[in-house]
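This is what each chain is made of:
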Amino acid sequence: MLNRIRPALGRVLTPIGRTVARTGVSPNAITVIGTAGVAAGALVLFPRGEFFWGTMVITAFVLFDMLDGAVARVTGKISKFGAFLDSTMDRVADAAIFSGLMIGLYRDGQHGLAGVALYCLVAGVVVSYAKARAEGLGYTCNVGIAERAERLIVALVAAGFDGLGVPYILAVALWALAVLSTVTVGQRFATVYAQAKDDPAPKPAASGPAPGSGASAAGNEEDEENGERAHAKAGPQPRR
């Protein structure tokens, strides 16, 4: 859903990427630093119930992480490994965010809602994997109402407002994410099934550059959403 704004986002990030590139920092270093910052904020602050400050730290590093693709493009350091690293680090960041929420909620005695956070974590992994596996078989799977960008925005906005004392907002957001992520998995299964019926023999994996690294605040899940950001492409990319 947020993929439509990525071209505009790319135009904004490119000048910033040029400035960052002058420091000599590599796109892969930006990816790793951004993920480490997100994980630290989520696993240190969220479990202590500091949802507002945890959200602030995570958002800052998510925005920093968005620069990896821009720096890769302006420096010409676009690579398949960069795409692989970015996609993998996105999964680590997502797991850290929802794990931190789950621990914080469990420690606060909200055991049921902690279980919903766990479900959102698992569902997000399935959403991303479904797309990656489908594309590995040669099918297209660019569908889904709740891709990575949308999931991160909803989770972080709700966590931030919860930290400010807004009642029920985190519970509503997590339940909504659980439902929307389930729907997204169903959409992707249906899309691939329809293609597989017409072409039962699996296609070989594409040999071109993998979707990659670098692009967005919430994300890019997927590309998914990011699905993923793209060291490997010359423009901003959807995520898994």
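### Here's the deal with the overall build of the protein
In step 1: Looking only at helices and strands, the protein has eight helices and zero strands in total.
In step 2: If you list the helices and strands of the protein from N to C, you get α-α-α-α-α-α-α-α.
In step 3: Considering the protein as a whole, with its 240 residues, one finds that 47% of them fall into the buried category.
In step 4: The long-range fraction of contacts in the protein, counting pairs at least 24 apart against all pairs at least 6 apart in sequence, stands at 73%.
In step 5: Of the accessible surface of the protein, which amounts to about 10800 Å², a share of 70% is contributed by carbon and sulfur atoms.

### Topic: the side chain of serine 99
In step 1: Structurally, serine 99 can be placed in helix H5 (residues 80-107).
In step 2: If we ignore the near neighbours within four places in the chain, the residues touching serine 99 are Leu43 and Leu121.

### Some words on the confidence of the model for the protein
Close inspection of predicted coordinates is inappropriate for parts of the model with low pLDDT.
In step 1: Mean pLDDT over the protein works out to 83, with 79% of the residues at or above the 70 mark.
In step 2: Scored below 50 in pLDDT, residues 223-240 makes 146 contacts in the model with residues more than four places away or belonging to other chains.

### Some details on the environment of valine 143
In step 1: Summarising the element assignment, valine 143 is placed in the loop between helix H6 (111-136) and helix H7 (148-163).
In step 2: Taking the relative accessible area as the measure of exposure, valine 143 reaches 26% and is therefore partly exposed.
In step 3: Along the backbone, valine 143 and alanine 190 are 47 residues apart, and their C-alpha atoms lie at a distance of 9.9 Å.
In step 4: Setting aside residues up to four positions removed in sequence, valine 143 forms contacts with Thr184, Gln187, Arg188 and Thr191.

### Concerning the packing of H5 against helix H8 (residues 169-198)
In step 1: The N-to-C vectors of H5 and H8 enclose an angle of 130°; their axes lie 13 Å apart at closest approach. By the angle between their axes, H5 is oblique relative to H8. In the packing of H5 onto H8, the handedness of the crossing is left-handed. Within the contact between the two elements, H5 uses Phe98, Leu101 and Leu105 and H8 uses Leu170, Leu174 and Leu177.

### A short note on the nonpolar core
In step 1: The biggest cluster of nonpolar side chains holds 29 residues, and the ones touching the most others in it are Ile97, Phe98 and Leu174.
In step 2: Apart from the residues lying within four places of it in its own chain, the contact partners of leucine 174 are Phe98, Leu105, Leu113, Val116, Ala117 and Cys120.
In step 3: Grouped together as the second largest cluster of nonpolar side chains are eight residues, Leu13, Ala21, Ile30 and Val71 included.

### Focus: the packing of H6 against H8
In step 1: Between H6 and H8, the shortest axis-to-axis distance is 9 Å and the interhelical angle comes to 25°. Accordingly, the angle class assigned to the pair H6 and H8 is roughly parallel. Of the two possible hands of crossing, H6 and H8 adopt the one that is left-handed. In this structure, H6 contributes Leu113, Val116, Ala117, Tyr119, Cys120, Ala123, Val126, Val127, Ser128, Ala130, Lys131 and Ala134 to the contact, and H8 contributes Ala171, Leu174, Trp175, Leu177, Ala178, Ser181, Thr182, Thr184, Val185, Arg188 and Val192.

### Remarks on the packing of aromatic side chains
In step 1: Applying the stated criterion to the full structure yields three aromatic pairs.
In step 2: Centre to centre, the rings of phenylalanine 81 and phenylalanine 84 are 6.2 Å apart; their planes meet at 40°, and the pair counts as tilted. Taken together, the residues phenylalanine 81 and phenylalanine 84, both in helix H5 and three residues apart, mark about one turn of the helix. Comparing phenylalanine 81 with phenylalanine 84, the two get one shared label, exposed.

### Quick notes on unusual backbone geometry
In step 1: Positive phi values are uncommon outside glycine, yet tyrosine 168 reaches one of about 70°.
In step 2: Residue placement: tyrosine 168 occurs in the loop between H7 and H8.

Conventions used here
- Residues numbered from 1 in each chain as written.
- Predicted model: local features only at pLDDT ≥ 70, side-chain atom pairs only at ≥ 80, totals over all residues.
- Heavy atoms only, no water.
- Helix = DSSP H or I, 4+ residues; strand = E, 2+ residues; numbered from the N terminus.
- Buried < 20%, exposed > 50% of the residue type's maximum accessible area, 1.4 Å probe, protein only.
- Contact = heavy atoms within 4.5 Å.
- Areas by Shrake-Rupley, 256 points an atom, 1.4 Å probe, with all protein chains shown as cover.
- pLDDT = per-residue confidence, 0-100.
- Axes fitted to C-alpha atoms, helices over the stretch in contact; angles between N-to-C directions.
- Parallel < 35°, antiparallel > 145°, perpendicular 65-115°, else oblique.
- Left-handed = near helix turned anticlockwise from the far one by under 90°.
- Core = buried A, V, L, I, M, F, W, Y, C linked by side-chain atoms within 4.5 Å.
- Phe/Tyr/Trp six-rings, centres within 6.5 Å; stacked < 30°, edge-to-face > 60°.

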